[in-house]
Amino acid sequence: AAPSRSPRLGAEDGIGPKETKPKKARLPKIKEENNILVLKKSNFDRALKETKYLLVEFYISLSGPSQTLAEEFEKAARQLKKEAPGIRFGKVDVTDQKDLKKEFNIQEFPTVKFFVDGDRKNPIDCKGVREASAFITWVRRRIGPSTVVINSTDQAEAIINSEDLAVIGFFKELHGGAVEVFYETARDVPELPFGVTASEEVFVSYGIRENTIAVFKKGKPVHDEVSEDDKQNKVDLTRLIKTFTMDLVTEYNLETSVKIFDVPVENHILLFTPKNSETFNKTYEDYESAAVEFRGKIMFILVDTNETRNGRVFEYFRITEVDVPAVRILNLTSDAKYKMPADEVTVENLRRFCHSYLGGKAKPHVSSEEIPEDWDKNPVKVLVGKNFNKVTFNKTKNVFVMFYAPWSHDCRKLLPIWDELGKKYENHENIVIAKIDFTANDIQLVMLDRYPFFRFFPVGSNNQVVVYDGEYTLEAFSEFLEKQSKPKAEPTEKTPSGESKEDLTEEGTVIKQKEEL
């Protein structure tokens, strides 16, 4: 009788007694640099499938801010790879990976997003995080508890004294209602320790009777407010708490400029004054006193007019030596500027100005030269604030504008070339060459760039502006103009390389309404 076959090797397996099942070919590992996955369109989906928690930096390789963030990102990736292998960090160079840039609507660089369980459609934005320790805390609070539960006064004291700044939530119930908003806020402010308590002992120790959120600075309470279920929201609470990471008055410099824009307060008031003036101490004292009332609503900033590195800020606000001391308010959302009506910087004048602004009564301050009588008589048309919109946004002309500063050597050198360009297109049916002194005219639509800079306003567009970033030669300007002024068959014309117009990086980039400063 023939021997029976092993029951483990059925006929359906198609494998003989001495054969083995063929092994599935393994894909090569995704390339890593300094513990960070190098992600591309071709491997992005695979990275999401293989990684439960993936924090991704979208960056431009030659960008200063991107390079600065990369160092901290690498430190965090190295530490978490050892402590929590299930959490991985990745990076995407959007200079090459334009499809991913477009898919995730990346507008600022660097931008960091967090992907959970392979969900490609709903990444979580990781905003305002700059340091390795904050990245680690941010991720941990996203995948685990966002606050420490406090059960005793000793525990509360330990958290309050662990850092210069700490936040404690006193809630009678640790689930539902306002406490959930507190938990969400803690996830978005990883640079600060957060504690939460329902302990009667802790309530009594700090004299708290109802649901309250308290901020402590160097062990002492500096702010507390009652937390009501129907009035609390994450945006307002995050804004308020983050303002305590800054001083009441923050001096503008290279180090603080990044932090200033990380705090989600859209209203900035700026005092321009020399720090070595005889009246500085009194002026600063009044400015700081006024700041207390508006914390969380308006950020108070000091700009030393003796500091030459602040020159670009003076240009942006049109501040000269004659103006100082000067006070301006800037709304970051609308880019509107407001000038304090009173010349003297006092607590009362500052309070009146801030209340007028917040109440919607203050009028934006707009500078404009008068329209020259012969503004349109030469090949290059002369624009000022008063005729800018009328000329650039019309239904029949493509308008190419040079923004210049009269005192700039680079601008003076380029003006003859711009005049040549004007002559070349002087008789063109739908192209206008123009220039504007940007130091004397406020244009809310276009943010300040390094002088000189150039913008193209397409025919018939109400809000579309194309940034020119090609070479400063007659040939390059002409080539750009010819390309941009051709009739478009579709709203998003495809370039020869297959990219949409919005993806142009060599000759022009489309922006809507305004650029980032």
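Keep in mind it's a predicted model, so treat the numbers as computed, not measured.

A. Structural context of the packing of helix α4 (residues 132–143) against helix α6 (residues 178–188). Two numbers describe how α4 lies on α6: the axes approach to 8 Å, and their chain directions differ by 150 degrees. Relative to α6, α4 is oriented roughly antiparallel. When α4 is examined against α6, the residues Trp 138, Arg 141 and Arg 142 are found in contact with a partner set consisting of Glu 184, Ala 186, Arg 187 and Asp 188. Within the contact of α4 with α6, the residues separate by chemical class into two nonpolar, no polar and five charged.

B. Seen up close, the sheet that holds strand β15 (residues 326–331). The strand order across the open sheet formed by five strands is β12-β14-β13-β15-β16, and the pairing between neighbours is mixed. Edge positions in the sheet fall to β12 (249–251) and β16 (337–339), since each has one partner strand and no second. Strand-to-strand twist in this sheet, taken as the mean axis angle between neighbours without regard to direction, amounts to 25 degrees. By the bridge criterion, three bridges tie β12 to strand β14 (residues 299–304) in an arrangement that is parallel. Residue pairing across strands places Thr 250 opposite Ile 301, the latter belonging to β14. Across the sheet, helix α9 (residues 254–262) touches β12, β13 (267–273) and β14, and the angle it forms with β12 is around 140 degrees. Together, β12, β13 and β14 form the strand contacts of helix α10 (residues 280–293), whose direction differs from that of β14 by roughly 160 degrees.

C. Representation of the pairing of strand β19 (residues 431–437). Judged by how many residues are buried, β19 sits mostly within the fold: seven of seven residues are covered. Judged by which residues are buried, β19 turns out to be covered on both faces: Ile 431, Ile 433, Lys 435 and Asp 437 on one side and Val 432, Ala 434 and Ile 436 on the other are all buried. Of the strand pairs in this sheet, strand β17 (residues 380–383) and β19 are connected by four bridges, and their pairing is parallel. Across the sheet, Leu 383 pairs through a bridge with Ile 436, a residue of β19. The sheet contact formed by strand β18 (residues 398–404) and β19 spans seven bridges and is parallel. The residue bridging Val 399 from the neighbouring strand is Val 432, located in β19. With helix α14 (residues 409–424) bridging β18 and its parallel neighbour β19, the resulting β-α-β unit is right-handed.

D. Seen up close, the packing of aromatic side chains. Summed over all chains, the structure comprises 40 aromatic pairs. Plain terms: the ring middles of Phe 393 and Phe 457 are 5.4 Å apart, the flat faces sit at 85 degrees to each other, and that makes the pair edge-to-face. Here Phe 457 lies in strand β20 (residues 453–457) and Phe 393 lies in the loop between α13 (388–392) and β18, a separation of 64 residues in the sequence. Here Phe 393 matches Phe 457 in class, with each residue buried. The structure contains a cluster of three or more aromatic residues connected by ring pairs, namely Phe 400, Trp 418, Phe 454, Phe 456, Tyr 468, Tyr 472, Phe 477 and Phe 480. Directly above the aromatic system of Phe 244 lies the positively charged group of Arg 295, at a separation of 4.1 Å from the ring centroid.

E. Just the sheet that holds strand β9 (residues 194–197), in detail. Pairing within the open sheet is mixed, and its five strands lie in the order β7-β9-β8-β10-β11. Pairing within the sheet leaves two strands with one partner each, and these edge strands are β7 (148–150) and β11 (220–226). Each adjacent strand pair in this sheet contributes to an overall mean axis angle of 25 degrees, direction not counted. Bridge analysis of β7 against β9 gives three bridges, and the strand direction is parallel. Bridge assignment links Val 149 to a residue of β9, and that residue is Val 196. Those strands touched by helix α5 (residues 153–160) are β7, β8 (165–170), β9 and β10 (212–217), and its axis lies near 140 degrees from that of β7.

F. Summary view of the layout of surface pockets. Size it by volume and the second largest pocket reaches roughly 350 Å³. Around the second largest pocket, the lining comprises 17 residues; the ones closest to its centre are His 223, Glu 225, Asp 236, Leu 240 and Arg 295. Looking at the lining of the second largest pocket, the elements that each hand over two or more residues are β11 and α8 (234–243).

G. Up close: α8. Here α8 has its buried residues at Leu 237, Thr 238, Leu 240, Ile 241, Lys 242 and Thr 243. Looking at the buried positions of α8, the neighbouring elements they touch are β8, α6, β9, β10, β11 and α9. A side-chain oxygen of the first residue of α8 lies 3.2 Å from the backbone nitrogen of Val 235; this N-cap is Asn 233.

H. Spotlight on the pattern of salt bridges. Applying the stated criterion across every chain, the model contains 26 salt bridges. Here Lys 386 ties to Glu 370 by a salt bridge, and the two come within 2.6 Å at their closest N and O atoms. Here the residue Lys 386 occupies a position in the loop between β17 and α13, and Glu 370 occupies one in the loop between α12 (347–358) and β17, the gap between them amounting to 16 residues. Assessed through its relative accessible area of 57%, Glu 370 is described here as exposed. Three or more residues joined by partner-sharing salt bridges are found here, namely Asp 45, Lys 49, Glu 103 and Arg 120.

I. Layout of empty space enclosed by the protein. Inspection of the entire model under this criterion finds three cavities of 30 Å³ or more. Quantified by volume, the largest cavity comes out at close to 100 Å³. Every residue lining the largest cavity is listed: Thr 243, Met 246, Asp 247, Leu 248, Thr 250, Val 265, Ala 291, Arg 295, Gly 296, Ile 298, Met 299 and Phe 300. Within the lining of the largest cavity, the residues separate by chemical class into seven nonpolar, three polar and two charged.

Rules of the game
Residues numbered from 1 in each chain as written. Predicted model: local features only at pLDDT ≥ 70, side-chain atom pairs only at ≥ 80, totals over all residues. Heavy atoms only, no water. Axes fitted to C-alpha atoms, helices over the stretch in contact; angles between N-to-C directions. Helix = DSSP H or I, 4+ residues; strand = E, 2+ residues; numbered from the N terminus. Parallel < 35°, antiparallel > 145°, perpendicular 65-115°, else oblique. Contact = heavy atoms within 4.5 Å. Nonpolar A, V, L, I, M, F, W, Y, C, P; charged D, E, K, R; others polar. Pairing = 2+ DSSP bridges. Buried < 20%, exposed > 50% of the residue type's maximum accessible area, 1.4 Å probe, protein only. Right-handed = clockwise from strand over helix to strand, strands pointing away. Phe/Tyr/Trp six-rings, centres within 6.5 Å; stacked < 30°, edge-to-face > 60°. Lys NZ or Arg CZ within 6 Å of the ring centre and 35° of its normal. 1 Å grid on protein atoms, 1.4 Å probe; cavity = no way out; pocket = protein on both sides within 12 Å on 5 of 7 lines; lining within 4 Å. Points joined across faces, edges and corners; volume = space filled by probe spheres on them. Polar contact = N/O pair within 3.5 Å; in protein donor to acceptor, adjacent residues only side chain to side chain. Salt bridge = Lys/Arg side-chain N within 4 Å of Asp/Glu carboxyl O.

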